[in-house]
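Chains, contacts and geometry: an overview
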Amino acid sequence: TPLAYAMWANALRILRALTEDVKESRVAIGRVPGVFTTLAEILGVKGVAPCYLEVVRLLDNLSSEYPNVMPILEERKLMAALKAYLRRYKDSELAETTANMITRLEKAAVKLRA
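Residues numbered from 1 in each chain as written. Predicted model: local features only at pLDDT ≥ 70, side-chain atom pairs only at ≥ 80, totals over all residues. Heavy atoms only, no water.

Glancing now at the nonpolar core. Counting 32 residues, the largest nonpolar core has Phe36, Leu39, Leu43, Leu59, Leu78 and Leu82 as the members making the most contacts within it. Elements represented by at least two residues in this core include exactly α1 (2-19), α3 (35-43), α4 (49-62), α5 (66-74), α6 (76-88) and α7 (93-113). When residues in this core are grouped by element, the largest group, 7 residues, is from α4. Setting aside chain neighbours within four positions, we find Leu59 in contact with Phe36, Leu39, Ile72, Leu78, Leu82 and Met101. (Core = buried A, V, L, I, M, F, W, Y, C linked by side-chain atoms within 4.5 Å. Buried < 20%, exposed > 50% of the residue type's maximum accessible area, 1.4 Å probe, protein only. Helix = DSSP H or I, 4+ residues; strand = E, 2+ residues; numbered from the N terminus. Contact = heavy atoms within 4.5 Å.)

Let us look at the confidence of the model for the protein. On average, residues of the protein score 87 in pLDDT, and 99% of them reach the 70 mark or higher. Per-element averaging of pLDDT across the protein places α1 at the bottom with 85 and α5 at the top with 92. (pLDDT = per-residue confidence, 0-100.)

Our focus in this paragraph is the packing of aromatic side chains. Scanning the model with the defined rule gives 3 aromatic pairs in all. Ring geometry for Tyr85 and Tyr89: centres 4.8 Å apart, planes at 45°, overall tilted. A relative accessible area of 27% means that Tyr89 is categorised as partly exposed. Ring-pair connections join several aromatic residues into one group, and the members of that group are Tyr52, Tyr85 and Tyr89. (Phe/Tyr/Trp six-rings, centres within 6.5 Å; stacked < 30°, edge-to-face > 60°.)

This next bit is on the pattern of salt bridges. Should the charged atoms of two oppositely charged side chains come close, the side chains can pair. Evaluation of the coordinates by the stated rule reveals 8 salt bridges. One salt bridge connects Arg13 with Glu54, and the closest N-O pair in it is separated by 3.4 Å. Of this pair, Arg13 sits in helix α1 while Glu54 sits in helix α4, and the two are 41 residues apart along the sequence. Given the relative accessible area of 33%, Arg13 is considered partly exposed. When the shortest N-O distance is used, the salt bridge between Lys23 and Glu65 registers 4.0 Å. Of this pair, Lys23 sits in helix α2 (residues 23-30) while Glu65 sits in the loop between α4 and α5, placing them 42 residues apart in sequence. The network of salt bridges with common partners includes Arg13, Arg16, Glu20, Glu54 and Arg57. (Salt bridge = Lys/Arg side-chain N within 4 Å of Asp/Glu carboxyl O.)

Dropping the structure here:
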């Protein structure tokens, strides 16, 4: 329902605000069981663009911390949803942010595996 999606968008905005400048918050939120699966599910729902925007912004913050890199990359539904998002919104500024985040994650994963 529209109300539920509005509530999700607001909850995501709050999480994103918590992760803006506080490393500990980014790491703590990344450790919440199922957080990346939930974000993948939100990206999989059609027609909730405000939620997509907030998910990508939150992931951009979370992906900046090494403890979150592998869990994000290992969540296959999330990575598939992000790549589908890129194809769907390829000409938007947010697509550029998403592409940069994926590249940063992949480079960090190479460093972590070395």
